[in-house]
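Breakdown of the fold
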Amino acid sequence: MMRSHKLALHIADASWGEIRRQLTCKTDWNGKELVIIDRFFPSSQTCGYCGYCGYRNKEAKDLSVRLWECPECGALHDRDINAAQNILKEGLRKRTPAT
Ligand SMILES: [Zn+2]
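What comes next is a walk through the structure. (Residues numbered from 1 in each chain as written. Predicted model: local features only at pLDDT ≥ 70, side-chain atom pairs only at ≥ 80, totals over all residues. Heavy atoms only, no water.)

Taking 1.5 Å per residue as the helical rise, helix α3 (residues 79-94) with its 16 residues ought to reach 22 Å, and the 22 Å between its terminal C-alpha atoms agrees with that figure. Of all the residues in α3, the buried ones are R79, N82, A83, N86, E90 and G91. Buried residues in α3, looked at end-on, bunch into an arc of 165°, giving them a common side. Facing away from the buried surface of α3 by more than 90 degrees, the exposed residues are I81 and L88. As for α3, its buried residues are in contact with β1 (67-69) and β2 (76-78). Two or three places before D80, at the opening of α3, D78 has a side-chain oxygen 3.0 Å from that residue's backbone nitrogen. (Helix = DSSP H or I, 4+ residues; strand = E, 2+ residues; numbered from the N terminus. Expected span 1.5 Å × (residues − 1). Buried < 20%, exposed > 50% of the residue type's maximum accessible area, 1.4 Å probe, protein only. Arc of directions from axis to C-beta. Contact = heavy atoms within 4.5 Å. Polar contact = N/O pair within 3.5 Å; in protein donor to acceptor, adjacent residues only side chain to side chain.)

On to helix α2 (residues 16-29), then. The terminal C-alpha atoms of α2 lie 20 Å apart, and with 14 residues this matches the ideal 20 Å at 1.5 Å per residue to within 8%. Once α2 finishes, G31 follows within two positions and takes phi at roughly 65°, a positive value.

Next up on the list: the packing of aromatic side chains. Tallying each qualifying case throughout the model produces one aromatic pair. On the basis of an interplanar angle of 50° and a centroid distance of 6.5 Å, the ring pair of Y55 and W68 is categorised as tilted. Remark: W68 occurs in strand β1 and Y55 occurs in the loop between α2 and β1; sequence separation between them is 13 residues. Take Y55: its relative accessible area is 22%, and that puts it in the partly exposed class. (Phe/Tyr/Trp six-rings, centres within 6.5 Å; stacked < 30°, edge-to-face > 60°.)

This part is about a nonpolar patch on the surface. Together, W16, I19 and L23 make up an exposed nonpolar region whose accessible area comes to about 280 Å². For W16, the location among the structural elements is in helix α2. Taking the relative accessible area as the measure of exposure, W16 reaches 45% and is therefore partly exposed. (Patch = residues over 30% accessible without salt bridge, like charges linked within 9 Å, V, L, I, M, F, W, Y side chains within 5 Å. Areas by Shrake-Rupley, 256 points an atom, 1.4 Å probe, with all protein chains shown as cover. Salt bridge = Lys/Arg side-chain N within 4 Å of Asp/Glu carboxyl O.)

Taken as a whole and assessed by the stated rule, the structure comprises three salt bridges. As a salt-bridge pair, E18 and R21 come within 3.0 Å of each other at their nearest N and O atoms. Taken together, the positions of E18 and R21, both in helix α2 and three residues apart, correspond to about one turn of that helix. Across the pair E90 and R93 runs a salt bridge whose closest N-O atoms are separated by 2.8 Å. Of this pair, E90 and R93 both sit in helix α3, three residues apart, which is roughly one turn of that helix. The exposure class assigned to E90 is buried, which follows from its relative accessible area of 12%.

What follows is the structure, given as structure tokens:
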């Protein structure tokens, strides 16, 4: 998201470092695990439909594009919901297995 100049200032204002610090503190305090995914993970550019397709768009879509159809499987995606589902999947994939 920091690659978008329009968003960069807003994101910097949100103080992601402080948000991450707070989340780390709260998850440690409550005995939970905080899973960090790569900042450039293509969450909104990857088809997350049913977990089978996995189509990844090579070009970033303009933020004004809120809906897109996967050319591989035909699934219609809301950009934010698709991104949230992909972030959840990636977080679960990276999670440390319980011992
Ligand atoms: Zn697809």
